[in-house]
Amino acid sequence: MTPTERTLARLPAHLRRYVVGQDYASYTPRDHAVWRHILLRLRNHLSDKAHSAYLDGLEATGISVERIPSLDEMNEKLARLGWGAVGVRGFIPGAVFTELQTLGVLAIAADIRTHEHIQYTPAPDIVHESAGHAPIIANARYAQYLKRCGMTGFKAIASVEDLAIFEAIRNLSVVKEDPAATKEEVEHAQARLDAANNSSRYVSESTRAGRLYWWTAEYGLVGSLENPRLYGAGLLSSIGEAEHCLTPAVKKVPLTVACTETEYDITRMQPQLFVARDFEHLFEVLEQFEASMAWKRGGDYGLHEALRARSVNHLVLSDGREVTGKVMELTAGLRPVAEGLGTALVHLEGPVLLSHEGKAQGKPWTGNALVAFGAGTLPERGEFQLELASGLRLKGFAVGDGEVLHLQGWLGERKLELPSVSRLYLSERVPSVAGGPGDPGTWDHWFGELNAFAAGDGEARARARKAESLPKPLAALYREVRALRESGDVRPDRLEQLVRAASAFPDEWLLHEEVAELRSSLSLPPVKSAFTEQRAHP
């Protein structure tokens, strides 16, 4: 097995379906020149501005300046750090990204930005994912933070609007990269995203967890306010951001949990950044945030968070079982059941899945389910009557595996409207309410329709179009420049031929820059051209 195949083999099936091959041969000579240009500028600029782990981390994670890294090379090095990397295409759901992170696996967007967008791109690309995220993993404590932060994001409850916004973002990115997309299709995709954003009813746990990740792992500074260092991947992989972030134009404030309430805009340079004292400071803020979340608090707070989300989440019962479904209704008891729990009954819309420690127990139940809180035991079979401390009384016939028939219920003297056929679970409390299904793999097996995300045909078409747009003579010039540099056999006469050949492509600033670098290595005077006079590059 290759190093990448070994990383892939340790992923559950519901995550493997998002993974794509890198297709290293499809990178054009200009793609490698883009990578080299960015990495050279970043390395030179960041040598005294990034966290001390950065430069050593490039080598430790298999990232060189000269060419786009292969995932096999990265995985061979990352394995020594207890990590791995897999290729993905475009945007992937947050739950997938965060679950990969909890497993110590980086999701590497396999595509690379074009030379027209060399300064910065809001879309995922291999520069950001590998040169940005991977180097700092060499710091063991920070690597622990990434995993812990991933777990927090994975357990956060996402609203139904969050899911709609994600799908709209991905749809827009695919449409924009589709060479056959019409102006009307692009406008419709943008309007869809605007409508999804405007539909948001509240700031969800998932959104706040995403902000914490953004202001630390993506755009974090560390050290003193007066002399901070860069460690966030968005800063380490963007020439524009790396050069801008330490200027007086960017306000620096101490990192606190308030960052989870701070919005960000991916389409512009960040006007304010948060500075962590050190990497231990990250854990302090993360723990404060976790303490506010439903998966830590459980009880009424967790139940109400799941209710307003209207999405699939899971309740952890007092005996460790997990009940997955959509919380549709909460019935308050006449008396509290436990500390922080005044809810007597939860109504979940099907399908419902029962699991324990993340492993499903049987097939999903397609109907509705109820969770009643209080001390009591449901018989495996036969008639039953339950009187719980909340004031809830239940009566029915148990079929087995929690299924009940002719279910009736009262809260005090008030008759409740309950499904006559249901699954019924009893629990003395609800210690945790967490985002997503209790067993993601089984849930995906029965209900996941995720292949469309992994297929990414829009991104594939854009990649093919980019390769086709590079004329063969121009590709040959990029290839020869690279061969000369790597061989070290740079002859003045051949350089003059390259200069003349490059003049046929006056707008190809990156090629001119590469040739100029070779001339400089021989201490030859710069060549006057439209490029050198106009300095057309960013």
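Engineer: Provide a residue-level description of the nonpolar core, including the pertinent values.
Structural biologist: Counting residues in each nonpolar core, the largest one holds 87 residues, and the members touching the most others are Trp35 and Tyr142. A total of 8 residues in this core trace back to one element, the largest contributor, which is helix H3 (residues 29-46). Excluding anything up to four places from it in sequence, Trp35 contacts Ile63, Ser64, Val65, Glu66, Arg67, Ile68, Pro69, Ile112, Ile126, Val127, Ser130 and Ala131. Among the nonpolar cores identified, the runner-up in size contains 24 residues, and Ala309, Leu315, Val352 and Val433 belong to it.

Engineer: Tell me what's going on with empty space enclosed by the protein, and back it up with residues and numbers.
Structural biologist: For the coordinates displayed, the defined rule picks out 1 cavity of 30 Å³ or more. As a volume, the largest cavity reaches approximately 40 Å³. Surrounding the largest cavity, Pro29, His32, Ala33, Arg36, Glu66, Tyr478, Arg482, Arg485 and Glu514 form its lining. Contributing elements (two or more residues each) for the lining of the largest cavity: H3 and helix H20 (472-487). Here the element with the most residues in the lining of the largest cavity is H3; it accounts for 4 residues. The residue makeup of the lining of the largest cavity, split by class, is 3 nonpolar, 1 polar and 5 charged.

Engineer: Give a detailed account of the packing of H20 against helix H21 (residues 492-502), specifying residues and quantitative values.
Structural biologist: Running from amino to carboxyl end, H20 crosses H21 at an angle of 155 degrees, the nearest separation of the two axes being 11 Å. One finds that H20 runs roughly antiparallel with respect to H21. In the crossing of H20 with H21, the sense of the turn from one axis to the other is left-handed. Between H20 and H21, the residues in contact are Leu477, Glu480, Val481 and Leu484 and Arg494, Leu498, Ala501 and Ala502, respectively.

Engineer: Which residues make up helix H6 (residues 94-102), and what are the values?
Structural biologist: Each turn of an α-helix holds 3.6 residues, which means side chains three or four residues apart point in the same direction. Listed in full, the buried residues belonging to H6 are Val96, Thr98, Glu99, Leu100 and Gln101. Looking at the packing, one finds that the buried side of H6 touches helix H2 (13-16), strand E2 (105-109), helix H8 (140-155), helix H11 (205-218) and helix H17 (440-447). Phi turns positive, to about 75 degrees, at Gly104, one or two residues after H6.

Engineer: Could you give an account of the packing of aromatic side chains, with specific residues and numbers?
Structural biologist: All told, the structure shown has 12 aromatic pairs when counted by the stated rule. Relative to Tyr219, the ring of Trp214 lies with its centre 4.6 Å away and its plane at 25 degrees, an arrangement referred to as stacked. No difference in accessibility class separates Trp214 from Tyr219, as the two residues are buried. On the basis of an interplanar angle of 55 degrees and a centroid distance of 4.6 Å, the ring pair of Trp443 and Phe447 is categorised as tilted. Placement of both Trp443 and Phe447 in helix H17 is noted, with a separation of 4 residues, approximately one turn of the helix. Given the relative accessible area of 14%, Trp443 is considered buried. One aromatic cluster is present, formed by Tyr142, Tyr145, Tyr231, Phe279 and Phe283 through successive ring pairs. Its guanidinium or amino end placed over the ring of Phe283, Arg141 lies 3.6 Å from that ring's centre, counting from NZ or CZ. Arg297 extends its terminal NZ or CZ atom over the ring of Tyr301, reaching a point 3.7 Å from the ring centre.

Reading the values: the criteria
The numbers attached to residues start from 1 for each chain and follow its sequence in the written order. Where totals are concerned, whole chains, interfaces and linings use all residues; where local detail is concerned, this predicted model gives features only for residues with pLDDT of at least 70, and gives and counts side-chain atom pairs only at 80 or more. Values shown for side chains rest on all heavy atoms present in the structure; no hydrogens or waters enter the calculation. For the purposes of this section, nonpolar cores are sets of buried Ala, Val, Leu, Ile, Met, Phe, Trp, Tyr and Cys residues that join through side-chain atoms within 4.5 Å. A 1.4 Å probe rolled over the protein chains alone gives each residue an accessible area, and that area as a share of the maximum for its type sets the label: buried under 20%, exposed over 50%, partly exposed in between. For helices the rule is a DSSP run of H or I covering at least 4 residues; for strands it is a run of E covering at least 2, with both sets numbered from the N terminus onward. Residues count as neighbours in contact if any of their non-hydrogen atoms are within 4.5 Å of one another. Using protein atoms alone on a 1 Å grid, points that fit a 1.4 Å probe yet trap it form a cavity, whereas open point sets bounded by protein on both sides within 12 Å along at least five of seven lines form a pocket; residues with an atom within 4 Å of a point count as lining. Grid points are joined across faces, edges and corners, and a volume is the space filled by probe spheres set on the points. Amino acids are sorted into nonpolar (Ala, Val, Leu, Ile, Met, Phe, Trp, Tyr, Cys and Pro), charged (Asp, Glu, Lys and Arg) and polar (every other residue, Gly among them). Note on definitions: angles span 0 to 180 degrees between N-to-C directions of axes, and those axes are lines fitted to C-alpha atoms, for helices only across the stretch in contact. Roughly parallel means an angle under 35 degrees; roughly antiparallel means over 145; roughly perpendicular covers 65 to 115; every other angle is labelled oblique. Helix crossings are classified by the rotation of the near helix relative to the far one: an anticlockwise turn of less than a right angle makes the crossing left-handed, while a clockwise turn makes it right-handed. Planes of paired rings set the category: under 30 degrees apart is stacked, over 60 is edge-to-face and the rest tilted, where pairs are Phe, Tyr or Trp rings (Trp by its six-membered ring) whose centres lie within 6.5 Å. A positively charged side chain is recorded as over a ring if its NZ (Lys) or CZ (Arg) lies within 6 Å of the ring centre. The angle to the ring normal must also be within 35 degrees.

Everything listed here is a matter of coordinates, which is why it stays silent on function.
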